[in-house]
Amino acid sequence: MIKVLIVEDDPMVAEFNKRFLQEVKGFSLSGIVHTVKDAKDYLKTAKVDLILLDVYMPGANGLELLKFIREQNRKTDVILITAAADKEKIQTALRYGAVDYLIKPFEFDRFYQALMRYKVTYHFFANTEILKQEDLDEQILSTDQKQAQESLYNLPKGLTRSTLQSVINVIKSKGNSPFSTDDISEATLISRVSVRKYLKFLANLGVLEETLTYGIGRPVNLYILKADKLEQVNRFL
């Protein structure tokens, strides 16, 4: 079993990640801590294969823990699960050797994909002493390159070009006005659940700016089109 430590300051989010982890075979939860200091103390006495790590925490941030792990030459891998979406933090995490980076909020499918990809790599190295180039290319390098190449042009699973085009057309008609999932759903006659997936996809591309608005009742996600980024969508249409 792959032993996992969750490092997350928000107890509710930590519990959420714990439940996600329990849905994936081959992984066992070693522990949950809420600060970088507690994580360092935990690693002194426990062997951990993988850390699910947040960036934003009180005191030292998650990137400092990642740096510490590398400086100590610990045989521990790290997947970032965080709301930190700026380029500098992502690049820093990758340079320190993070094996994956999940930006909140994310779907379970993306979490599952990250863990399964890690499991393949983990067992490959655990069961192989001498590596051949073709084995390395087949199991690790070519897979990542193929997935990266496909992700440039292929829509995520469950999305279609025709529906994306319909959503884009309505978004363009909104101009600079903010809009919600409900607004797009009513205009396209597409379910709110489906529309939400398209809006999240466009937000991740940088085509939409997403904000959480609090009013009467439940919070609402509002989106604004970033017209100068629309060209990012062209390759998917």
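Residues numbered from 1 in each chain as written. Predicted model: local features only at pLDDT ≥ 70, side-chain atom pairs only at ≥ 80, totals over all residues. Heavy atoms only, no water.

## Focus on the sheet that holds strand S3 (residues 50–53)
Pairing between the strands of a sheet is mediated by backbone hydrogen bonds and can be parallel or antiparallel. Pairing within the open sheet is parallel, and its 5 strands lie in the order S2-S1-S3-S4-S5. Edge positions in the sheet fall to strand S2 (27–33) and strand S5 (100–103), since each of these pairs with one other strand and no more. Between one strand axis and the next, the sheet turns by 20 degrees as a mean value, whatever way the strands run. Pairing geometry for strand S1 (residues 2–7) and S3, over 4 bridges, is parallel. Of the residues in S3, the one forming a bridge with Leu5 is Ile51. Set on the sheet, helix H2 (residues 36–45) makes contact with S1, S2 and S3; between it and S2 the angle comes to about 130 degrees. Packing against the sheet, helix H5 (residues 108–126) makes contact with S1, S2, S3, strand S4 (77–82) and S5, and its axis sits at approximately 170 degrees to S5. (Pairing = 2+ DSSP bridges. Helix = DSSP H or I, 4+ residues; strand = E, 2+ residues; numbered from the N terminus. Axes fitted to C-alpha atoms, helices over the stretch in contact; angles between N-to-C directions. Contact = heavy atoms within 4.5 Å.)

## Things to note about the nonpolar core
Soluble, globular proteins show a tendency: their nonpolar side chains are buried together. Leu164, Val167, Ile171, Ile184, Leu199, Leu202 and Leu208 are the most contacted members of the largest nonpolar core, which has 23 residues in total. Counting only elements with at least two residues in this core, the list comes to helix H7 (161–173), helix H9 (192–205) and strand S8 (220–225). It is H9 that provides the largest number of residues to this core, a total of 6 residues. Leu202 has contacts with Leu164, Val167, Ile168, Ile171, Val207, Leu208 and Val233, leaving out every residue within four places of it along the chain. Core analysis: the second largest hydrophobic core is formed by 22 residues, Val33, Ile51, Leu53 and Leu80 among them. (Core = buried A, V, L, I, M, F, W, Y, C linked by side-chain atoms within 4.5 Å. Buried < 20%, exposed > 50% of the residue type's maximum accessible area, 1.4 Å probe, protein only.)

## Notes on the pairing of S4
Counting buried positions along S4 yields 5 of 6 residues, so the element is predominantly enclosed. Two strands pair when backbone bridges link them, and S3 and S4 are joined in this way by 4 bridges, in the parallel orientation. Paired with Leu50 across the bridge in S4 is Asp77. Tracing the backbone out of S3, into helix H3 (residues 62–71) and back to the parallel element S4 gives a crossover that is right-handed. Sheet topology places S4 next to S5; 4 bridges connect them, and they run parallel. Residue Leu80 lies in a different strand from S5, and its bridge partner there is Tyr101. Once the chain exits S4 it traverses helix H4 (residues 87–95) before rejoining the sheet at S5, and the crossover so formed is right-handed. (Right-handed = clockwise from strand over helix to strand, strands pointing away.)

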